[in-house]
Amino acid sequence: MNQKTDIEKLFRSHYERMYNLARCILYDEDEAKDVVSDVFTRIIKDNICLLPATQEGYLLRAVRNECLNRIAHKSIKEQVCKMLIATTEILTSEKEDERWNIIQQIIDHLEPPLRKRILEERFLQEMSYQEIAQHEGVSKVTVYNHLSQAMDFIRKQFNQTKK
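A short tour of the structure in this document, coming up. What you see as residue numbers is a count from 1 along each chain, following the sequence as written. Per-residue local features are limited, in this predicted model, to residues with pLDDT of at least 70; the limit for side-chain atom pairs, both in listing and counting, is 80 or more; totals at the level of whole chains, interfaces and linings are taken over all residues. Side-chain figures throughout are based on the complete set of non-hydrogen atoms in the structure, without hydrogens or water.

## Some thoughts on the overall build of the protein
Put simply, the rule is: Each helix is a run of H or I in the DSSP string that is no shorter than four residues. Each strand is a run of E no shorter than two, and both are numbered from the N terminus. The rule is simple: take the accessible area with a 1.4 Å probe, protein chains only, and divide by the maximum for that residue type; under 20% is buried, over 50% is exposed, in between is partly exposed. Any two residues whose heavy atoms approach within 4.5 Å at even a single point are treated as in contact. Here the open area of atoms and residues is found with the Shrake-Rupley method and a 1.4 Å probe, where only the protein chains shown may cover a residue.
Summing up its helical and strand segments, the protein has seven helices and zero strands in all. Starting at the N terminus, the α and β elements of the protein follow one another as α-α-α-α-α-α-α. Per-residue burial for the protein yields a buried fraction of 37% across its 163 residues. Within the protein, contacts between residues separated by at least 24 positions form 60% of all contacts whose residues are at least 6 apart in sequence. In the form shown here, the protein has an accessible surface area of approximately 10100 Å², with 50% of it arising from carbon and sulfur atoms.

Here it is as structure tokens:
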């Protein structure tokens, strides 16, 4: 057997349980699909060979770990999302207004331009990773990487500004 048929069998055998686990942890169908896709992408990319007796355990642990990583990164992402959405609402305190201005200035300096577009598409337009990937002509992994790098940049710049 070749790797392609092995991966297809692995996918067909375990996709539903992996997806259900991710959906239960993340409460988001699109993100759950992205997690499962990322796990299989990593298996292919890293040429991971799974033994039949340990396949299911490995795959479910990989999904759980990927979900936990995303949750850890979500708190800052949710803050940025709320700040972006706040542009349509009246800000009630000077502190919120100040935080928004700082974050908006940081976002304005995001490079490359693709990274800024991806951030806006994800949080302002609420597009899924797949939708963004198709719209921008890149892979879902590229979308995830750009979002992760954008959030790291925003967090770093915001923390430096607060000092």
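## Some words on the side chain of Lys140
Relative to the elements of secondary structure, Lys140 occurs in helix H7 (residues 140-162). The class for Lys140 is buried, based on a relative accessible area of 19%. Dropping the residues within four chain positions of it, Lys140 is found in contact with Lys33, Asp34, Ser37, Tyr129, Gln130 and Ala133.

## Quick look at the packing of aromatic side chains
In plain terms, the rule: In this scheme Phe, Tyr and Trp rings, the latter by its six-membered ring, pair at centre separations within 6.5 Å, and the angle between planes marks the pair as stacked below 30 degrees, edge-to-face above 60, and tilted otherwise. Both a distance and an angle decide whether a charge sits over a ring: NZ of Lys or CZ of Arg must be within 6 Å of the ring centre and within 35 degrees of the ring normal.
Counting across every chain of the model gives four aromatic pairs. For the ring pair Tyr15 and Tyr19, a centre distance of 5.9 Å and an interplane angle of 10 degrees mean the geometry is stacked. Here Tyr15 pairs with Tyr19, and both are found in helix H1 (residues 3-26), just four residues apart, close to one helical turn. Using a relative accessible area of 25% as the deciding quantity, one classes Tyr15 as partly exposed. What links up through ring pairs into an aromatic cluster is the set Phe11, Tyr15, Tyr19 and Phe40. The cationic tip of Arg70 hangs over the ring face of Tyr129; the distance from NZ or CZ to the ring centre is 5.3 Å.

## Comments concerning the packing of helix H5 (residues 113-123) against helix H6 (residues 129-136)
For any two helices packed against each other, one specifies the inter-axial angle together with the distance between the axes. Rules: Throughout, an axis means a line fitted to C-alpha atoms (over the contacting stretch in the case of helices), and angles, computed between N-to-C directions, take values from 0 to 180 degrees. Should an angle fall under 35 degrees it is called roughly parallel, over 145 degrees roughly antiparallel, and 65 to 115 degrees roughly perpendicular, with every other angle called oblique. Crossing handedness is read from the near helix: turned anticlockwise from the far helix by less than a right angle, it gives a left-handed crossing, and turned clockwise, a right-handed one. Under the scheme applied, nonpolar residues are Ala, Val, Leu, Ile, Met, Phe, Trp, Tyr, Cys and Pro; charged residues are Asp, Glu, Lys and Arg; polar residues are all the others, including Gly.
Contact geometry of H5 with H6 gives a least axis separation of 10 Å together with a crossing angle of 140 degrees. Taken together, the axes of H5 and H6 are oblique relative to one another. Crossing angle aside, the handedness with which H5 passes H6 is right-handed. On H6, the residues that touch Leu114, Arg117, Ile118, Glu121 and Arg122 of H5 are Tyr129, Ile132, His135 and Glu136. Taken together, the residues that form the contact of H5 with H6 break down as four nonpolar, one polar and four charged.

## Considerations on the nonpolar core
For the record, the criterion: As used here, the term nonpolar core means buried Ala, Val, Leu, Ile, Met, Phe, Trp, Tyr and Cys residues forming a set that is joined through side-chain atoms within 4.5 Å.
One finds Ile107, Ile118, Leu119, Val143, Leu147 and Ile154 to be the most contacted residues of the largest nonpolar core, which totals 20 residues. The element that contributes the greatest number of residues to this core is H7, accounting for seven residues. Residue contacts for Leu147: discarding those within four places in its chain leaves Ile118, Leu119, Arg122, Phe123 and Tyr129. Formed by 18 residues, the second largest nonpolar core is a distinct cluster that contains Ile7, Val35, Val39 and Leu60.

## Description of H6
Just so we agree on the cut-off: The arc refers to the directions leading from the helix axis to the C-beta atoms.
Of all the positions in H6, only Tyr129, Ile132, Ala133 and Glu136 are classed as buried. Each buried residue of H6 sits inside an arc of 100 degrees when the element is viewed along its axis, so together they form one side. Every exposed residue of H6 that faces more than 90 degrees away from the buried side is listed here: Gln134 and His135. Positive phi shows up at Gly137, right after H6, with a value of about 75 degrees.

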